[in-house]
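Listed below, chain by chain, are the residues.
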Amino acid sequence: QMIVARDGISGTNKRAYSLFWSSSTNTIRFYVWKSGNSTQSVSSTSTVTDGNWHHVLAVNDGSDLKIYIDGVLEGTTIGGGGTIQSGIIDFYIGRRVGFVTTLQAFWDGNIDEVAVWNSDQSSNVATIYNSGSPSDLTSLSPVSWWRMGEEANHSGGTWTLTDQGSGGNDGTSTS
């Protein structure tokens, strides 16, 4: 089940990254596609199956991939980081585009406080996690930050998510 993704139809420059819960291992996994469509990944060491809220931070620091669960470093793939393919697919919250452009891997649960940075946030993990209480991330300059419920508007059967980051990437629900 996908948490966030820029992951679509396989092929060069159509995949960038995905963060998801793996039902086969009950762990959180972070995949990146680098030039030439090569794949690198990192997984959490603990299982996430208790039905409680959890904070997930996935990091590509330029050299390595890291994943934090509830403020604790759970996994590192040394040498797995680097330049991610830019990808031509849209950014999705709670799903991804499948191999025949259908939507799939829907998240079965709630997602809140989604933020994306274009820099390593490992040194800010305690501030971002904030002991499980969402806080104001403005000082950390996220490229995009969707507060979800706090800043979402519903009209005519469609949700609009206002980007609280610097990117101006407002989102709209589909399907």
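Above this note sits the structure.
Note that the structure is a prediction, hence the values are computed from the model and not measured.

Colleague: Any chance you could explain the sheet that holds strand β6 (residues 65–69) here in plain terms?
Modeller: Two modes of strand pairing occur in sheets, parallel and antiparallel, and in both the strands are linked by backbone hydrogen bonds. The strand order across the open sheet formed by three strands is β5-β6-β7, and the pairing between neighbours is antiparallel. Edge strands, defined here as strands with exactly one partner in the open sheet, are β5 (56–60) and β7 (72–77). Within this sheet the neighbouring strands show an average axis-to-axis angle of 15°, counted without direction. In this structure, β6 lies alongside β7, joined through five bridges in antiparallel fashion.

Colleague: It is not clear to me how the environment of Gln40 should be interpreted in this structure. Could you clarify?
Modeller: You can see Gln40 is positioned in strand β4 (residues 38–43). For Gln40 and Gly82, which are 42 residues apart along the polypeptide, the C-alpha to C-alpha distance reads 9.8 Å. Setting aside residues up to four positions removed in sequence, Gln40 forms contacts with Phe30, Tyr31, Val32, Lys34, Leu65, Thr77 and Gly80.

Colleague: What is the right way to read the nonpolar core from this model?
Modeller: General note: in soluble globular proteins, nonpolar side chains tend to be found buried as a group. Counting 18 residues, the largest nonpolar core has Leu19, Ile28, Phe30 and Ile67 as the members making the most contacts within it. The biggest single contributor to this core is strand β2 (residues 15–22), with four residues. Discounting chain neighbours no more than four positions away, the residues touching Ile28 are Ile3, Leu19, Phe20, Trp21, Val42, Ser43, Ser44, Val48, Val56, Ile67 and Ile69. Of all hydrophobic cores here, the second largest spans nine residues; its members include Leu57, Val59, Tyr68 and Leu137.

Colleague: Got a minute to help me understand the layout of surface pockets in this structure?
Modeller: Gaps left between atoms are located by rolling a probe of water-molecule size over the structure's atoms. Considering only enclosed or pocket space, the largest pocket measures out at about 1,400 Å³ in volume. As for the largest pocket, its lining consists of 48 residues, and the residues nearest its centre are Ile3, Leu19, His55, Val56 and Leu57. Secondary structure elements with two or more residues in the lining of the largest pocket: β1 (2–7), β2, β3 (27–34), β5, β11 (114–116) and α1 (125–129). Counting residues per element, the lining of the largest pocket draws most heavily on β5, which supplies five residues. Here the residues of the lining of the largest pocket are counted per class, giving 25 nonpolar, 16 polar and seven charged. In this structure, the second largest pocket encloses a volume near 850 Å³. Where the lining of the second largest pocket is concerned, the elements lending two or more residues are β8 (92–93), β12 (144–146), β14 (158–161) and β15 (171–172). Taken together, the residues of the lining of the second largest pocket break down into 16 nonpolar, 11 polar and three charged.

Colleague: Can you help me understand the packing of aromatic side chains in this one?
Modeller: Using the criterion set out here, one finds four aromatic pairs in the structure. Between the aromatic rings of Tyr17 and Phe91, the centroid separation amounts to 6.4 Å while the plane-to-plane angle is 55°, which identifies the pairing as tilted. Highlighted residues: Tyr17 in strand β2 and Phe91 in the loop between β7 and β8, separated in sequence by 74 residues. With centroids separated by 6.0 Å and ring planes inclined at 25°, the aromatic side chains of Tyr31 and Trp33 adopt a geometry described as stacked. Judged by its relative accessible area of 5%, Trp33 falls in the buried class.

Colleague: When you look at the pattern of salt bridges in this model, what are you seeing that I'm missing?
Modeller: Two side chains that carry opposite charge are able to pair once their charged atoms sit near each other. Scanning the model with the defined rule gives two salt bridges in all. Among the salt bridges present, the one from Asp61 reaches Lys66, with a minimum N-O distance of 3.4 Å. On the accessibility criterion, Asp61 (26% relative accessible area) is partly exposed. The shortest N-O distance in the salt bridge between Arg147 and Glu113 comes to 2.9 Å. One end of the pair, Arg147, is in the loop between β12 and β13 (152–155); the other, Glu113, is in the loop between β10 (103–104) and β11, and 34 residues separate them in sequence. As far as burial versus exposure is concerned, Arg147 and Glu113 are alike and both buried.

Thresholds, definitions, all that
- Residues numbered from 1 in each chain as written.
- Predicted model: local features only at pLDDT ≥ 70, side-chain atom pairs only at ≥ 80, totals over all residues.
- Heavy atoms only, no water.
- Pairing = 2+ DSSP bridges.
- Helix = DSSP H or I, 4+ residues; strand = E, 2+ residues; numbered from the N terminus.
- Axes fitted to C-alpha atoms, helices over the stretch in contact; angles between N-to-C directions.
- Contact = heavy atoms within 4.5 Å.
- Core = buried A, V, L, I, M, F, W, Y, C linked by side-chain atoms within 4.5 Å.
- Buried < 20%, exposed > 50% of the residue type's maximum accessible area, 1.4 Å probe, protein only.
- 1 Å grid on protein atoms, 1.4 Å probe; cavity = no way out; pocket = protein on both sides within 12 Å on 5 of 7 lines; lining within 4 Å.
- Points joined across faces, edges and corners; volume = space filled by probe spheres on them.
- Nonpolar A, V, L, I, M, F, W, Y, C, P; charged D, E, K, R; others polar.
- Phe/Tyr/Trp six-rings, centres within 6.5 Å; stacked < 30°, edge-to-face > 60°.
- Salt bridge = Lys/Arg side-chain N within 4 Å of Asp/Glu carboxyl O.

Bear in mind that shape data such as this cannot, by itself, settle questions of function.
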